[in-house]
Amino acid sequence: MSLHDDAVLVLKGYDSEQEDQSELRQTYLDHLAGHPDGMWKACGAGHLTASALVIDPERGRVLLTLHRKLQMWLQMGGHCEPQDSTLPSAALREATEESGITGLTLLPGGPVRLDRHPIPAPCHWHLDVQYAATPPAGATERISEESLDLRWFPYEEVAGVADASVVRLVERTRARLEHGN
């Protein structure tokens, strides 16, 4: 199965009713139906990306990266690569590369939410499929070359440093952890 096919299956299985993301989910599916190259950075109409919020529920905090190019505090994530066999594995690879933490585990239940945002030309859109991951006990983060900084933030501080999309991702992840959905 191709990464494109996997992404279609992931999106079809995504519970978009949790946050009323049905229309956005359909936008992603329509994009993939119309663009066989819709998983790749080279797709000028936009492309899917995969990200993962690294969360430490025991300590009530999340790990964010200060993105080198965007100069914003964000969850770990980015472009899918040819070696990625599934969308969850792409999110896990990105989170591992950018956090320096090996042994991350994605939360069960598939993506936590979707976030579509404009990006500079030549491409137009990132259609981000957002997961959440927990680190193993005793894990130590390590800054990557893609980041200016890497820092743990208590839940209540995220809104003061990150944009609304990250805040929504943290809120939705916490709800999933609390309610198991």
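Placed above this text is the structure.
About the cut-offs
Residues numbered from 1 in each chain as written. Predicted model: local features only at pLDDT ≥ 70, side-chain atom pairs only at ≥ 80, totals over all residues. Heavy atoms only, no water. Helix = DSSP H or I, 4+ residues; strand = E, 2+ residues; numbered from the N terminus. Rg over C-alpha atoms; globule rule 2.2 N^0.38 Å. Buried < 20%, exposed > 50% of the residue type's maximum accessible area, 1.4 Å probe, protein only. Contact = heavy atoms within 4.5 Å. Areas by Shrake-Rupley, 256 points an atom, 1.4 Å probe, with all protein chains shown as cover. Lys, Arg positive; Asp, Glu negative; His and termini not counted. Charge placed at Lys NZ, Arg CZ, Asp CG, Glu CD. Patch = residues over 30% accessible without salt bridge, like charges linked within 9 Å, V, L, I, M, F, W, Y side chains within 5 Å. Salt bridge = Lys/Arg side-chain N within 4 Å of Asp/Glu carboxyl O. Phe/Tyr/Trp six-rings, centres within 6.5 Å; stacked < 30°, edge-to-face > 60°. Lys NZ or Arg CZ within 6 Å of the ring centre and 35° of its normal. Expected span 1.5 Å × (residues − 1).

Trainee: Could you clarify how one ought to interpret the overall build of the protein in this entry?
Mentor: Secondary structure summary: the protein contains five helices and eight strands in total. In sequence order, the protein lays out its α and β elements as α-α-β-β-β-β-α-β-β-β-β-α-α. Relative to the compact-globule value of 16 Å for 181 residues, the protein shows a C-alpha radius of gyration of 15 Å, a close match. In terms of principal-axis extent, the alpha carbons of the protein reach across some 45 × 35 × 30 Å. A total of 181 residues make up the protein; the buried ones form 48% of that total. Restricting to contacts in the protein with at least 6 residues of sequence separation, those with at least 24 account for 67%. Entry remark: accessible area of the protein is about 8,900 Å², with carbon and sulfur atoms responsible for 52%. Between the mean site of the 16 positive side-chain charges and the mean site of the 27 negative ones, the protein shows a separation of 2 Å.

Trainee: Got a minute to help me understand a negative patch on the surface in this structure?
Mentor: Taken together, the side chains of Asp15, Glu17, Asp20 and Glu23 make up a negatively charged region of the molecular surface. Within the element layout of this structure, Asp20 appears in the loop between helix 1 (3-13) and helix 2 (22-34).

Trainee: How should I be thinking about the pattern of salt bridges in this particular structure?
Mentor: Pairs may arise between side chains of opposite charge once their charged atoms sit close together. Tallied over the entire structure, the rule returns eight salt bridges. Note that Arg113 is salt-bridged to Asp115, the shortest N-O span being 3.9 Å. Judged on exposure class, the residue Arg113 and its partner Asp115 are both buried. Overlapping salt bridges bring together Asp84, Arg93, Glu94 and Glu97 as one network.

Trainee: Before we go on, may I ask you to explain the packing of aromatic side chains in this structure?
Mentor: Any pair of aromatic rings gets described here by the distance separating the centres and the angle formed by the planes. Scanning the entire structure with this criterion turns up one aromatic pair. Taking the centre distance of 4.9 Å and the plane angle of 80° together, the rings of Trp73 and Phe153 count as edge-to-face. Linking Trp73 in strand 3 (residues 73-74) with Phe153 in strand 8 (residues 147-154), this pair joins segments that are 80 residues apart in sequence. In this structure Trp73 comes out as buried when scored by relative accessible area, which is 11%. Owing to a relative accessible area of 3%, Phe153 belongs among the buried residues under this scheme. Here Arg61 stacks its cationic end above the ring of Trp152, 4.0 Å away from the centre of that ring.

Trainee: I would appreciate a short explanation of the environment of Glu145 in the present structure.
Mentor: On the secondary structure map, Glu145 appears in the loop between strand 7 (125-134) and strand 8. On the accessibility criterion, Glu145 (71% relative accessible area) is exposed. C-alpha of Glu145 to C-alpha of His4: the two residues are 141 residues apart in sequence and 28 Å apart in space.

Trainee: What is the right way to read helix 3 (residues 87-99) from this model?
Mentor: Residue pairs three or four apart in sequence face the same way in an α-helix, which turns once every 3.6 residues. The end-to-end C-alpha distance of helix 3 is 18 Å, a good match for the 18 Å that 13 residues give at a rise of 1.5 Å each. Taken together, the buried positions of helix 3 are Leu87, Ala90, Ala91, Arg93, Glu94, Ala95, Glu98 and Ser99. Those residues of helix 3 that are buried are in contact with helix 1, strand 1 (47-56), strand 2 (61-67), strand 4 (76-79), strand 7 and strand 8. Looking one or two residues past helix 3, Gly100 carries a phi angle of roughly 75°, positive in sign.

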